Amino acid sequence: MARLIVRNIGPIKDVDIELKKVNVFIGPQGCGKSTLAKIVSFCSWMEKENENTDRIIKAGLISTLTKYHRIEGYFHEDSQLAYVGDNVSLFCNFPEPFPVSWKGFSPVPLYNDGEFVFYNTEKSVNPKVSYIPAERNFVSVVPNLKKYSEKDDSLQSFVNDWFEAKRGYTEKKPLKIDLLGIQYYYNAKNDSDFIVIDGQLVRLDQSSSGYQSVVPLMALLSYLSTFIYEENKPFSPAENEKMREILSRVSSEKGGDMEQKVIDRIRGFLQGKVFTHTQFVIEEPEQNLFPQTQIDLLYHLISEINHGRNHRLLLTTHSPYVLYALNNCLMAYLVKDNIDKENAATIDSMRYALNPEDVSVWSIKDGFVRNDKNESHRTIQDERGLIRKNYFNEVMRQVMSDFNKLLEYDD
């Protein structure tokens, strides 16, 4: 779906990958998983119909990216970034000719000091981008969060999405989180979050760390994968075009600054009503969760993005359980035509079958992505797309090797 090249940015030395519907980054802490996730999130955001494109280009792509995702100091004189997606191609510090073809995009680039942006002449997508950070549980515990107001960055955007999402879950219409056996709702009157556990009402900020981490994640997943597309139905293309025409006519007339601000906000509202899909970028979904719950959560993630709408998912993870559960989904797809309904019903992952062609799993080490054959720019999947040798297995083998050596001295 998209091509991404990242060189000498933060801990990343040289990464050249093809992004698919589902992408997973694994690797040791500090290897660059989050760096890549933030870059993908920003590039996906540039795919949107964006009233601020000119402002962003004038400010600088790298400048905007580093401030929004708080990665100042990651870019250097030899840093390079290239992205070719559905609607946009962008290049930062790449000499012409560019390393990736941008055929079919606008013939005249938007340019600013070594940064080029090309837009597709026919836009095909308008994603809602949701970056769900590892530190997401702070929205469950910080009091008076409505007063939280930082710069226009990814954490502020996450907080805004959280408040928008939770308004839809009330005491009469709670969010059911089956994988934990709980329900969640928001009390707008006193600005409080509650969960119901075995019939007992508990404030979210007084619950366990696992609940505090998973509730915001599940609320955003439900809201951004289903609610905004069904209950908050998008306008039709004809309606959208007509309203844009009216806004253009109104904005061409003389008006004050306040009127122009209102027009700009309405434009933003219209943009939010015509999303084609959601791009989820989730850091460490397994955070604070028991292994079985991690597996159940992975299955739930797949079900949320794989129900007809072309949602996309990027995960960073340290969890072998997330990886193994994902592999089950891939294997389920490969055998789905060979297994009868009765036996399929006994296998959990059969309900979450995922085409391996839609999945890329990348192992990051020393600034590169490599597979077990030490091939750079390759996934850790075999020819059928199944996940094979990875660093989780290597760690487990080392642990068991040590244990077996110790057994030799056991009387």
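Up top you'll find the structure we're talking about.
Residues numbered from 1 in each chain as written. Predicted model: local features only at pLDDT ≥ 70, side-chain atom pairs only at ≥ 80, totals over all residues. Heavy atoms only, no water.

Draft legend 1. Layout of a nonpolar patch on the surface. The grouping of V395, M396, V399, M400, F403 and L407 at the surface amounts to a nonpolar patch, some 550 Å² of accessible area in total. By the element assignment, M400 lies in helix α12 (residues 391-407). Judged by relative accessible area, M400 falls into the partly exposed class, the value being 40%. (Patch = residues over 30% accessible without salt bridge, like charges linked within 9 Å, V, L, I, M, F, W, Y side chains within 5 Å. Areas by Shrake-Rupley, 256 points an atom, 1.4 Å probe, with all protein chains shown as cover. Salt bridge = Lys/Arg side-chain N within 4 Å of Asp/Glu carboxyl O. Helix = DSSP H or I, 4+ residues; strand = E, 2+ residues; numbered from the N terminus. Buried < 20%, exposed > 50% of the residue type's maximum accessible area, 1.4 Å probe, protein only.)

Draft legend 2. Up close: the layout of surface pockets. In this structure, the second largest pocket spans a volume of roughly 480 Å³. What lines the second largest pocket is a set of 21 residues, and nearest its centre among them are K176, D178, M218, H300 and E304. Within the residue set of the lining of the second largest pocket, elements represented by two or more residues are β9 (175-177), α6 (209-230) and α9 (291-305). Partitioned by chemical class, the residues of the lining of the second largest pocket number 8 nonpolar, 5 polar and 8 charged. (1 Å grid on protein atoms, 1.4 Å probe; cavity = no way out; pocket = protein on both sides within 12 Å on 5 of 7 lines; lining within 4 Å. Points joined across faces, edges and corners; volume = space filled by probe spheres on them. Nonpolar A, V, L, I, M, F, W, Y, C, P; charged D, E, K, R; others polar.)

Draft legend 3. Here's a closer look at the pattern of salt bridges. For the structure on display, the rule yields 11 salt bridges. Across the pair R7 and D14 runs a salt bridge whose closest N-O atoms are separated by 3.5 Å. Relative accessible area serves as the criterion here: at 26%, R7 is assigned to the partly exposed category. Judged by relative accessible area, which is 24%, D14 ranks as partly exposed. For R203, the salt bridge identified is with D205, shortest N-O distance 3.1 Å. Given the relative accessible area of 31%, D205 is considered partly exposed.

Draft legend 4. Focus on the packing of α9 against helix α10 (residues 320-335). Packing of α9 against α10 leaves a shortest axis separation of 9 Å and a crossing angle of 45°. As judged from the angle between their axes, α9 and α10 are oblique. The element α9 and its partner α10 pack so that their crossing is right-handed. Each of P291, Q294, I295, L298, Y299 and I302 in α9 lies in contact with α10, whose residues at this interface are Y321, V322, A325, L326, N328 and C329. Residues that form the contact of α9 with α10 fall into these classes: 10 nonpolar, 2 polar and no charged. (Axes fitted to C-alpha atoms, helices over the stretch in contact; angles between N-to-C directions. Parallel < 35°, antiparallel > 145°, perpendicular 65-115°, else oblique. Left-handed = near helix turned anticlockwise from the far one by under 90°. Contact = heavy atoms within 4.5 Å.)

Draft legend 5. Representation of the pairing of strand β3 (residues 22-26) in the model. Along β3, 5 of the 5 residues are buried, which leaves the element largely enclosed by surrounding structure. Because side chains alternate across β3, one face comprises the buried residues V22, V24 and I26, and the other comprises N23 and F25, equally buried. Of the strand pairs in this sheet, β3 and strand β14 (residues 312-317) are connected by 5 bridges, and their pairing is parallel. Opposite V24, over in β14, you have L315 as the bridge partner. In terms of strand pairing, β3 meets strand β15 (residues 359-365) through 5 bridges, oriented parallel. Following the sheet pairing, N23 is matched in β15 by S360. (Pairing = 2+ DSSP bridges.)

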